[in-house]
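Residue-level structural notes
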Amino acid sequence: MKVLLFGPDGQVGQECLSLLRERGNEVVPLSKEEADLTTEHGTDRILSERPDVVLNAAAYTAVDKAEQEREVCKEINALAVHRMVENCRKVGCSFLHISTDYVFDGKLDKDLCYDIDSRTNPINVYGETKRLGELFALSYEKSFVVRTSWVFGKGKNFVKTMLRLFENHEQVQVVQDQIGSPTYAKDLAKLLCDMITTEKYGLYHATNEGFCSWYDFAKAISEESHKDVTIIPVTTAQYQEIGHPLAKRPMNSKLSKKSLQDNSFSLLPDWRDALRRFLTEGETEK
């Protein structure tokens, strides 16, 4: 199988590239330099390469910065997806697009989870552009759209930020009123690489199993890395008051994975197990 991979340098992209090659696929990775998604012709390699599958792991993910860079964010997260879809349609290949929990407003009762048919209502520019990208992707009958959340892997992420803070601070303040599921890029990549071998197109939610707050996540990172540091829970409002003006975040990012089960895909392992593996596999150095 020939796979054209956008975003091979991102956390999920790196894992997909490695696993696809390990499985014997022909992979054409397109970096930012090789495919500028802010330009009209940034996706033209789909036409010249004629792959069996296009996997889009590229995205503008700087959530706070997106509030000032709305147009660039929209180009990469939405308009480039539209161009990908149109080119995939011409070639007749499958398309997989990665989306986010940020397409929801997070106002759902925290005892409940968002399903794939739950009403979307993004509350920041990043979420708005990702939702528009979803709509473009889902307009093509041979598309997979996979929403995920709180990704950690090779690259910048919450786990590495916490580990760095633990080295230099005795106390760390972490938000306790946002709930979701951490997702290990390596586990997600395995699911995506399995998914594109099928024709079970449609919309999915995929995260590691279990739910926690960012505070719970930080506590687990401290425990699993054996770092003796005091972690202080704060509300989102308190965090903003102490000098962290941020784009709005959904308070409830819990995603139901029923769509995976309904289509006989394996659920990802528990998030704490994933964290443990991440910390012991040497990934934190990368």
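Described in the following lines is the structure provided in the data block. Everything numeric here is computed off the predicted structure, so don't read it as measured data.

With 7 of 7 residues buried, strand β4 (residues 94-100) lies mostly within the body of the structure. Of the two faces of β4, the one carrying Ser94, Leu96, Ile98 and Thr100 and the one carrying Phe95, His97 and Ser99 are both buried. Relative to β4, strand β3 (residues 53-56) runs parallel, the two being bridged by 4 bridges. Counterpart to Asn56 in the pairing with β4 is His97. In this fold, the crossover linking β3 to β4 by way of helix α3 (residues 70-91) has right-handed handedness. Two strands pair when backbone bridges link them, and β4 and strand β5 (residues 143-148) are joined in this way by 6 bridges, in the parallel orientation. The residue of β5 that forms the bridge with Thr100 is Thr148.

Below, the discussion takes up the packing of α3 against helix α4 (residues 125-138). For any two helices packed against each other, the geometry comes down to the angle between their axes and how far apart the axes lie. Where α3 meets α4, the axes come as close as 8 Å, and the angle between the chain directions of the two elements is 10°. Compared by their axis directions, α3 and α4 come out roughly parallel. Residues Arg70, Cys73, Lys74, Asn77, Ala78, Leu79, Val81, His82 and Val85 of α3 pack against Val125, Tyr126, Glu128, Thr129, Lys130, Leu132, Gly133, Phe136 and Ala137 of α4. Of the residues contributing to the contact of α3 with α4, the split by class is 10 nonpolar, 4 polar and 4 charged.

Turning our eyes to something else, we now look at the packing of aromatic side chains. A full pass over the atoms with the stated rule returns 13 aromatic pairs. Between Phe152 and Tyr184 the ring centres are 5.3 Å apart and the planes differ by 0°, which places this aromatic pair in the stacked class. With a gap of 32 residues between them, Phe152 in strand β6 (residues 151-152) and Tyr184 in strand β9 (residues 183-184) connect regions that are remote in the sequence. Measuring from ring centre to ring centre gives 5.9 Å for Phe152 and Phe217, while their planes differ by 55°; the resulting arrangement is tilted. Placement of the pair is Phe152 in strand β6 and Phe217 in helix α7 (residues 214-224), with a sequence separation of 65 residues. There is no split in this pair, since Phe152 and Phe217 are both buried. Here the aromatic residues Trp150, Phe152, Phe158, Tyr184, Trp214, Phe217, Trp271 and Phe278 are joined through ring pairs into a cluster of three or more. Over the ring of Phe265 we find Lys200, and its NZ or CZ is 5.2 Å from the ring centre. Directly above the ring of Phe211 sits Lys254, whose terminal nitrogen or CZ lies 4.8 Å from the centroid.

Cut-offs applied
- Residues numbered from 1 in each chain as written.
- Predicted model: local features only at pLDDT ≥ 70, side-chain atom pairs only at ≥ 80, totals over all residues.
- Heavy atoms only, no water.
- Buried < 20%, exposed > 50% of the residue type's maximum accessible area, 1.4 Å probe, protein only.
- Helix = DSSP H or I, 4+ residues; strand = E, 2+ residues; numbered from the N terminus.
- Pairing = 2+ DSSP bridges.
- Right-handed = clockwise from strand over helix to strand, strands pointing away.
- Axes fitted to C-alpha atoms, helices over the stretch in contact; angles between N-to-C directions.
- Parallel < 35°, antiparallel > 145°, perpendicular 65-115°, else oblique.
- Contact = heavy atoms within 4.5 Å.
- Nonpolar A, V, L, I, M, F, W, Y, C, P; charged D, E, K, R; others polar.
- Phe/Tyr/Trp six-rings, centres within 6.5 Å; stacked < 30°, edge-to-face > 60°.
- Lys NZ or Arg CZ within 6 Å of the ring centre and 35° of its normal.

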